[in-house]
Amino acid sequence: MSDKKKTTKGAESTAGLLPGLKSEVEQKDYLSKETMAAVAGQTGLTLNSVYGVASFYAYLPVSPVGKNVIKVCSCLPCEMKDVPAVVEGIGREIAIGPGQTTPDGKFTLELVSCMGACDQAPAMMINDKLYGDLTAEKIAGILKSY
Ligand code: FES
């Protein structure tokens, strides 16, 4: 490992890693262990360091995800507007919970941090589309459109 990848306390610098990881996800949908190992080899970082960065960001999945990724905000403003009812509504419709993918690979459900739509709490995104002011009753109609 080169010295310029070390910080003052010997920890590896992961600065600049995000664009490359994001590009890999755009090409391959998620970061497999093999992909992260290749990135580690190219950058001189350890696999643990690459995994640590990737697993921190919700938009860098480290396991296969469904065709449609449902991201439900679980931060306080959304939580106070009954996110659990939204998650339960999703569970009733497609029988998965947070961190799970439907057996047909159509949906993955994730709990994420604030998406910047606090004024529409509770909020979720499906792929790149935002849905706000959610209720459990709205969930079925939204999911049927996918
Ligand atoms: S707290 Fe949920 S979108 Fe901001």
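Please read all numbers here as calculations on a predicted model, not as lab measurements. (Residues numbered from 1 in each chain as written. Predicted model: local features only at pLDDT ≥ 70, side-chain atom pairs only at ≥ 80, totals over all residues. Heavy atoms only, no water.)

Let's talk about the domain arrangement of the chain
Selection criterion: Domain borders in the structure are assigned automatically or taken from a domain database.
Looking at the assigned domains, one finds that the chain contains domain 1 (3-56) and domain 2 (68-144). Put simply, the middle of domain 1 and the middle of domain 2, counted by C-alpha atoms, are 29 Å apart.

A closer look at empty space enclosed by the protein
Over the atoms, a rolling probe the size of a water molecule traces out where space has been left empty. We apply this condition: Cavities and pockets were defined on a 1 Å grid built from protein atoms only: a cavity is a group of points that admits a 1.4 Å probe but offers it no way out, a pocket is an open group of points flanked by protein on both sides within 12 Å along at least five of seven lines, and a lining residue is one with an atom within 4 Å of any such point. Grid points are joined across faces, edges and corners, and a volume is the space filled by probe spheres set on the points.
Summed over the entire model, instances satisfying the criterion amount to one cavity of 30 Å³ or more. The space that makes up the largest cavity amounts to roughly 50 Å³. Forming the walls of the largest cavity are C73, C75, P77, C78, C114, M115, G116, A117, C118 and A123.

Quick word on the environment of V112
Worth spelling out the cut-off: Only runs of H or I of at least four residues qualify as helices and only runs of E of at least two qualify as strands under DSSP, and these elements are numbered from the N terminus. Per-residue accessibility, obtained with a 1.4 Å probe over protein chains only, is compared with the maximum for each type, and a residue is labelled buried under 20%, exposed over 50%, and partly exposed between these values. We call two residues in contact whenever any of their non-hydrogen atoms come within 4.5 Å of each other.
With respect to the helices and strands, V112 occurs in strand β2 (residues 107-112). On the basis of relative accessibility, which here comes to 8%, the residue V112 falls in the buried class. Between the alpha carbons of V112 and M125 there is a distance of 9.8 Å; along the sequence they are 13 residues apart. Contacts of V112, omitting those with residues within four sequence positions, involve A58, K71, V72, C73, S74 and C75.

A closer look at the nonpolar core
To keep things clear, this is the line we draw: Nine residue types can take part in a nonpolar core, namely buried Ala, Val, Leu, Ile, Met, Phe, Trp, Tyr and Cys, and a core is a set of them joined through side-chain atoms within 4.5 Å.
Ranked by internal contacts, the top residues of the largest apolar core, which has 22 residues, are I70, V72, I90, M124 and L143. Of all the elements in the fold, those that place two or more residues in this core are β1 (68-73), α5 (83-94), β2, β3 (124-126) and α6 (136-144). Ranked by residue count, the leading element in this core is α5, at five residues. Those residues within four positions of L143 in sequence are excluded, and the remaining contacts are I70, I90, E93, I94, F107 and I126. In terms of nonpolar packing, the next biggest core, distinct from the first, is built from twelve residues, L21, L31, V39 and V50 among them.

A closer look at the packing of helix α1 (residues 17-28) against helix α2 (residues 33-43)
Test applied: All axes are obtained by fitting lines to C-alpha atoms, using only the stretch in contact for helices, and the reported angles, taken between N-to-C directions, cover 0 to 180 degrees. Handedness of a crossing follows from how the near helix is turned relative to the far one, being left-handed for an anticlockwise turn of less than a right angle and right-handed for a clockwise one.
At a minimum axis separation of 11 Å, α1 and α2 run at an interaxial angle of 145°. Like other packed secondary-structure pairs, α1 and α2 cross with a definite hand, here right-handed. Across the interface between the two elements, L17, L21, E24 and K28 from α1 touch T35, V39 and T43 from α2.

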